[in-house]
Amino acid sequence: MSPTPPLFSLPEARTRFTKSTREALNSKNIKPLLNTFSQLPGSENEKKCTLDQAFRGVLEEEIINHSSCENVLAIISLAIGGVTEGICTASTPFVLLGDVLDCLPLDQCDTIFTFVERNVATWKSNTFYSAGKNYLLRMCNDLLRRLSKSQNTVFCGRIQLFLARLFPLSEKSGLNLQSQFNLENVTVFNTNEQESTLGQKHTEDREEGMDVEEGEMGDDEAPTTCSIPIDYNLYRKFWSLQDYFRNPVQCYEKISWKTFLKYSEEVLAVFKSYKLDDTQASRKKMEELKTGGEHVYFAKFLTSEKLMDLQLSDSNFRRHILLQYLILFQYLKGQVKFKSSNYVLTDEQSLWIEDTTKSVYQLLSENPPDGERFSKMVEHILNTEENWNSWKNEGCPSFVKERTSDSKPTRAVRKRAAPEDFLGKGPSKKILMGNDELTRLWNLCPDNMEAFILTPREYMPTLEEFFEEAIEQADPENMVESEYKAVNNSNYGWRALRLLARRSPHFFQPTNQQFKSLPEYLENMVIKLAKELPVSRSDECPDVRRDKPVTGDQIEVFANKLGEQWKVLAPYLEMKDSEIRQIECDSEDMKMRAKQLLVAWQDQEGVHATPENLINALNKSGLSDLAESLTNDNETNS
């Protein structure tokens, strides 16, 4: 009998691999590991998994003993060599990198990440890419969460550049296909006018002046006095624009657009009337560039009131603001695949954006230094960005085009049929379409244009017909228990999804709301459809009509009547003090304030924003005359 081959022993194999790893580290050669791998009994998978554990064990000891980064990187280099030689799994180097970056402080993580950057060609090779791309992406995201965007800006930028080099251009995880915005980037500034010192500061400067002794300040360093008074009103409007740059979707709302329009016209008027002198405003910057001075940048805007005067005099700061305008206008005018169908500009808005874009480019060209060159460069970059938007709207097709083969397969030549045989003039009176099934379908009806409008072809119900029962069940007044609702029926849900995909714009709109089940999603859609679908019944009584939500025309008419008394009504519409102050800041016209109040109440209440509830609020606030007027108008319209 032949001797029994030795069995694989995990403890023994792990001990030998650990010892061999130490020897390989000391000799900086992978041969000890190769020899041990070939000598040990067992399958390749068993030995690979054991060597993976040995690598992690040695790395753990090095980290506990606070060894230098060179020793840690040597272990990872051994693991890379092991993958190349086929003695450990392809994911091992990435697991070791993740362990190291999780355990070391940020200053040492910088050194480790430098190693990761230098080996980007290794990670992109066929041996490592498939096994390690998700590990590297998770590792980089974990690092970004630990880093401060304001204090570790350079490190964060290195990580983003590494990911751009690692993944191909068509990698959809880095393309922001749904055009989402970074809503967490909030610009904080002083919103309390009582704490502002802007007006007081400028008044004191005008009255007292600045006593500067002769010879203390040269001509080149003389301060440029601002010809436009900077008060708190300008400060607030200027920094309020950052909220629109942060979330451009607000510009599609009527009230927000009017606010944006007003603030923008005032800020751009300041830029036009207070132009920078090329010889004074940029002389120091040109000297710094000639002497090799470093370019200064900030991760966030500095919104201190004391810096407002200096910021308006800074050419780079102006370029930042004007460039934000151009990027915002490009989004508003552009065609984005995932943009809601409701986000459409009016002709008046489009005309204003077109005129303002020309003004912004003119301001950029007048802004020193090299304003004309900078303006043309920005225009070129934004035009190139349009190509990227078109590419994403088309679903990010591959840039690699397959070469067409020169040799085309030869088809067998067959005799052409006579015209009368396939034009319906033959003995069978049939139009031949190439095969039996197409011929049968085509000849089902003699006149095909007439077949298109036949009643049996109209098999798809309307949204109103299909969801009528579900809308009635969703009404709380009907008191239908959840288990008996139609949306809980799986068959009904399947048909509802198919109908929504064909007839409802809400089906393809992106949303941040997460639904745990199909019935929950359908209930949400039913509520939206109930608000939009027309419900017109001839036998409806006036009391029922008073329960309908108020319309835009009703708000317009009643706002003119409410006028200066809007502030009396506001608390009874459950408006907060902060919302009331915001309405006062947005407009000085009383009728406009009244309209803003009613629109905010309508958005807050939704379907419950009915004339009946508005009349009750008017009576509680003591405005009984207006309540009676609204009741008469409502009955007249009914």
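Counting from 1, residues in each chain are numbered in the order their sequence is written. Confidence filtering applies because this is a predicted model: local features only for residues at pLDDT of at least 70, side-chain atom pairs given and counted only at 80 or more, and all residues used for totals across whole chains, interfaces and linings. The side-chain values count all of the structure's non-hydrogen atoms but skip hydrogen atoms and water molecules.

Participant: What's the story with the environment of L614 in this structure? I'm lost.
Facilitator: Runs of H or I in DSSP of at least four residues are treated as helices and runs of E of at least two as strands, each being numbered from the N terminus. Considering the arrangement of structural elements, one finds L614 in helix 30 (residues 611–620). Spatially, the C-alpha atoms of L614 and V550 are 9.1 Å apart, while their sequence positions differ by 64 residues. If sequence neighbours within four positions are ignored, L614 has contacts with F558, L569, L573, L598, W601 and L630. Whether two residues touch is decided by their heavy atoms; if any such pair falls within 4.5 Å, the residues are in contact.

Participant: Help me out: how do you make sense of the packing of aromatic side chains in this one?
Facilitator: In this description, a pair of aromatic rings is defined by centroid distance and the angle of the planes. We call Phe, Tyr and Trp rings a pair once their centres come within 6.5 Å, taking the six-membered ring for Trp, and we label the pair stacked below 30 degrees between planes, edge-to-face above 60, and tilted otherwise. Tallying each qualifying case throughout the model produces 30 aromatic pairs. With centroids separated by 5.1 Å and ring planes inclined at 55 degrees, the aromatic side chains of F94 and W123 adopt a geometry described as tilted. You can see F94 sitting in helix 5 (residues 92–103) and its partner W123 sitting in helix 7 (residues 120–123), a full 29 residues away along the chain. As far as the burial class goes, F94 and W123 line up, both buried. Members of the aromatic cluster, joined through ring pairs, are Y244, F245, W257, F260, Y325, F329 and W352. A 1.4 Å probe rolled over the protein chains alone gives each residue an accessible area, and that area as a share of the maximum for its type sets the label: buried under 20%, exposed over 50%, partly exposed in between.

Participant: Explanation requested: the packing of helix 6 (residues 106–118) against helix 9 (residues 153–166) in the structure shown.
Facilitator: Helix-helix packing is characterised by the crossing angle of the two axes and by the distance between the axes. Comment: axis = line fitted to C-alpha atoms, over the contacting stretch for helices; angle = value between 0 and 180 degrees taken between N-to-C directions. Close contact between helix 6 and helix 9 brings their axes to 11 Å; oriented N to C, the two are set at 25 degrees. In terms of axis orientation, helix 6 runs roughly parallel to helix 9. Like other packed secondary-structure pairs, helix 6 and helix 9 cross with a definite hand, here left-handed. Between helix 6, through L106, C109, D110, F113, T114, V116 and E117, and helix 9, the contact on the second element is made entirely by F155, R158, I159, F162 and R165. Class assignment of the residues belonging to the contact of helix 6 with helix 9 gives a composition of 7 nonpolar, 1 polar and 4 charged. Note on angle classes: values under 35 degrees are labelled roughly parallel, values over 145 roughly antiparallel, values of 65 to 115 roughly perpendicular, and the remainder oblique. Each crossing gets its hand from how the near helix is turned against the far one by less than a right angle, where anticlockwise is left-handed and clockwise is right-handed. The residue classification treats Ala, Val, Leu, Ile, Met, Phe, Trp, Tyr, Cys and Pro as nonpolar and Asp, Glu, Lys and Arg as charged. All others, Gly included, are polar.

Participant: Would you mind showing me how to read the nonpolar core here?
Facilitator: Soluble globular proteins tend to pack their nonpolar side chains together in the buried interior. Membership of the largest hydrophobic core comes to 52 residues, with the highest contact counts inside it found for F55, I76, I112, W123 and F162. Broken down by element, the residue count for this core peaks at 9 residues, all from helix 4 (residues 69–85). Apart from residues no more than four positions distant in its own chain, I112 is found in contact with C69, V72, L73, L97, V100, L101 and L104. As used in this record, nonpolar core signifies buried Ala, Val, Leu, Ile, Met, Phe, Trp, Tyr and Cys residues forming a set joined through side-chain atoms within 4.5 Å. One finds W257, F317, L364 and L382 within the second-largest nonpolar core, a separate group that totals 43 residues.

Participant: How should I be thinking about helix 29 (residues 590–605) in this particular structure?
Facilitator: The periodicity of an α-helix, 3.6 residues per turn, causes residues three or four places apart in sequence to face the same way. A helix's residues, less one, multiplied by 1.5 Å, set its expected span. Compared with the 22 Å implied by 1.5 Å per residue over 16 residues, the 23 Å span of helix 29 between its first and last C-alpha is a close match. Elements in contact with the buried residues of helix 29: helix 12 (254–273), helix 26 (552–562), helix 27 (566–569), helix 28 (577–586) and helix 30. Two residues or fewer after helix 29 comes G606, characterised by a positive phi angle close to 70 degrees.

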